[in-house]
Amino acid sequence: MIKKAIFPVGGLGTRFLPATKAMPKEMLPIVDKPLIQYAVEEAAAAGIEQFIFVTGRNKSAIEDHFDHSFELEHSLAARGKDAAMDVVGGMMKVPGSVIYVRQQQPAGLGHAVWCARHLVGDEPVAILLADDLIKGRSCMKEMVDAYDGGNMVAVMDVPRDQTGAYGIVTPGKTHGQKVDIAGLVEKPMPADAPSTTAVVGRYIISPSVFDTLGLQEQGAGGEIQLTDALAKQIGTAPFTGLHFSGERFDCGSKVGFLQANIAFGLDNPDMADALQEWLRDHIE
Ligand code: UTP
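These numbers were taken from a predicted model, which means no experiment stands behind them.

Draft legend 1. Region of interest: the overall build of the protein. Summing up its helical and strand segments, the protein has 11 helices and 13 strands in all. Its C-alpha atoms give the protein a radius of gyration of 19 Å, near enough to 19 Å, the size a compact globule of 284 residues would have. Expressed as a percentage of the 284 residues in the protein, the buried residues total 48%. Looking at the protein alone, contacts between residues at least 24 apart form 76% of all its contacts between residues at least 6 apart. Working note: accessible area of the protein is about 14,100 Å², and carbon and sulfur atoms make up 53% of it. With 25 positive and 36 negative side-chain charges, the protein shows a spacing of 3 Å between the two charge centroids.

Okay, here's the thing in structure tokens:
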């Protein structure tokens, strides 16, 4: 039912400067794979067939990453590096299924999503933020399986002193992993937060959200916020949060990025023992 996904990758990534001066934040690697590839694989596991990237300046590395690299493939073949050939060959998508549109200025996540409106049409669409890395079962698959119309976001509980970094929901009734959302406020101070249930970077939105985003209303930080557009639809369309089962890493922050590298490294049989030994020596 949901066949298209938007990957907004137009942000400036200022928290990772200077690493992100000439390289997109979404190309930062967790062990040996860039963040954006984890997001694309999660979407593919959910049955997504069209991958729409909203890019910006300095993002051409992402386009190259999902394209053939003839020199590299030729060199690997000549040297008999079959395993490496499989790695780069296995990530190619069906021709025409990877689409790029440019966000001409980083005016906010809502604006980035709106830039993809002509590519989506009249159907619900998934949105994945690559800097929210979710380890374990495909969060987007859990969402697609649970989706029954309206708007849906992935949610998780956060410590109250961190509400200022998230969209925070006013929860209604819960049904298993799902919770009805009665309100949503972007980045509230801990004292003002309606709960500690936070939105993380996975969404399924109905096409009418594009109309609301088209009003170009600025919210927190002077940016056009996706959560504001979703909040505006409360009462006119069902709005659901899904408590996903995986572990989420905030790879938009340096600590979250390092934690993700350690967690994925400890899961990697090629390096787990050496990493564990090094960690033990340095922590004790
Ligand atoms: P962030 O809020 O993390 O912003 O964006 P950022 O610019 O990427 O990073 P910092 O805060 O300066 O370090 C969340 C997601 O929304 C996308 C980003 O690429 C990221 O995936 N985004 C944000 C856009 O595509 N366009 C924008 O105008 C803003």
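Draft legend 2. Structural view of the environment of Asp-157. Tracing the sequence through the fold places Asp-157 in strand β8 (residues 151–157). With near-sequence residues (within four places) excluded, Asp-157 lies in contact with Thr-196, Thr-197 and His-243. At 3.1 Å, the side chain of Asp-157 and the side chain of Thr-197 are in polar contact.

Draft legend 3. How the structure looks around the pattern of salt bridges. Scanning the model with the defined rule gives 12 salt bridges in all. Put simply, Asp-148 and Lys-178 hold a salt bridge, and the shortest N to O gap is 3.5 Å. Remark: Lys-178 occurs in strand β10 (residues 178–186) and Asp-148 occurs in the loop between α7 (139–146) and β8; sequence separation between them is 30 residues.

Draft legend 4. Spatial organisation of the site of the ligand. Around the ligand sit 17 residues in total, of which Gly-10, Thr-14, Lys-25, Gln-103 and Gly-108 are the nearest. Between an oxygen atom of the ligand and a side-chain N or O atom of Lys-25, the distance comes to 2.7 Å. In the environment of the ligand, an oxygen atom lies 3.3 Å from a nitrogen or oxygen atom belonging to the backbone of Ala-107. Relative to its unbound accessible area of 570 Å², the ligand is 83% covered by the protein chains. Looking at the shell around the ligand, its residues break down into seven nonpolar, six polar and four charged.

Draft legend 5. Region of the structure containing the nonpolar core. In terms of nonpolar packing, the biggest core is built from 44 residues, with Phe-7, Ile-30, Ile-36 and Leu-133 touching the most fellow members. A total of six residues in this core trace back to one element, the largest contributor, which is helix α1 (residues 35–45). Residues within four places of Phe-7 in sequence aside, it is in contact with Ile-36, Ala-39, Val-40, Ala-43, Phe-51, Ile-52, Phe-53, Val-54 and Leu-128. Ile-99, Ile-127, Ile-181 and Leu-226 belong to the second largest nonpolar core, which has 30 residues in total.

Draft legend 6. A negative patch on the surface, seen in detail. A contiguous patch of negative charge on the surface is contributed by Asp-273, Glu-277, Asp-281 and Glu-284. Along the chain, Asp-281 falls in helix α11 (residues 272–283). A relative accessible area of 54% means that Asp-281 is categorised as exposed.

Draft legend 7. Structural detail: the environment of Gln-225. Locating Gln-225 in the fold gives a position in the loop between α8 (208–213) and α9 (226–232). For Gln-225, the contacting residues outside a window of four places in its chain are Gly-110, Glu-186, Leu-213, Gly-219 and Ala-220.

Draft legend 8. Here's a closer look at the side chain of Thr-163. With respect to the helices, strands and loops of the structure, Thr-163 is situated in the loop between β8 and β9 (167–175). Other than its neighbours up to four places away in sequence, Thr-163 contacts Ile-168, Lys-187, Pro-188, Met-189, Pro-190, Ala-193 and Ser-195.

Draft legend 9. Highlighting helix α10 (residues 254–266). Counted at 1.5 Å a residue, the expected span for α10 with its 13 residues is 18 Å, and the 18 Å between its end C-alpha atoms agrees. On its buried face, α10 is in contact with β2 (29–30), α1, β7 (132–135), β13 (247–250) and α11.

Draft legend 10. Up close: unusual backbone geometry. Of the consecutive residues Leu-17 and Pro-18, the connecting peptide bond is found in the cis state with omega at 5 degrees. Here Pro-18 is to be found in the loop between β1 (4–8) and β2. At Val-31, a residue that is not glycine, the phi angle is positive and equals roughly 60 degrees. Its location among the elements puts Val-31 in the loop between β2 and β3 (33–34). Residue Val-31 is classed as partly exposed on the basis of its relative accessible area, which comes to 26%. Residue Lys-187 is not a glycine yet carries a positive backbone phi of 50 degrees. Looking at where Lys-187 falls in the secondary structure, it is placed in the loop between β10 and β11 (197–205). A residue is classified by how much of its surface remains accessible, and Lys-187, at 40% relative accessible area, is partly exposed.

Reading the values: rules and limits
Residues numbered from 1 in each chain as written. Predicted model: local features only at pLDDT ≥ 70, side-chain atom pairs only at ≥ 80, totals over all residues. Heavy atoms only, no water. Helix = DSSP H or I, 4+ residues; strand = E, 2+ residues; numbered from the N terminus. Rg over C-alpha atoms; globule rule 2.2 N^0.38 Å. Buried < 20%, exposed > 50% of the residue type's maximum accessible area, 1.4 Å probe, protein only. Contact = heavy atoms within 4.5 Å. Areas by Shrake-Rupley, 256 points an atom, 1.4 Å probe, with all protein chains shown as cover. Lys, Arg positive; Asp, Glu negative; His and termini not counted. Charge placed at Lys NZ, Arg CZ, Asp CG, Glu CD. Polar contact = N/O pair within 3.5 Å; in protein donor to acceptor, adjacent residues only side chain to side chain. Salt bridge = Lys/Arg side-chain N within 4 Å of Asp/Glu carboxyl O. Near = heavy atom within 4 Å. Nonpolar A, V, L, I, M, F, W, Y, C, P; charged D, E, K, R; others polar. Core = buried A, V, L, I, M, F, W, Y, C linked by side-chain atoms within 4.5 Å. Patch = residues over 30% accessible without salt bridge, like charges linked within 9 Å, V, L, I, M, F, W, Y side chains within 5 Å. Expected span 1.5 Å × (residues − 1).

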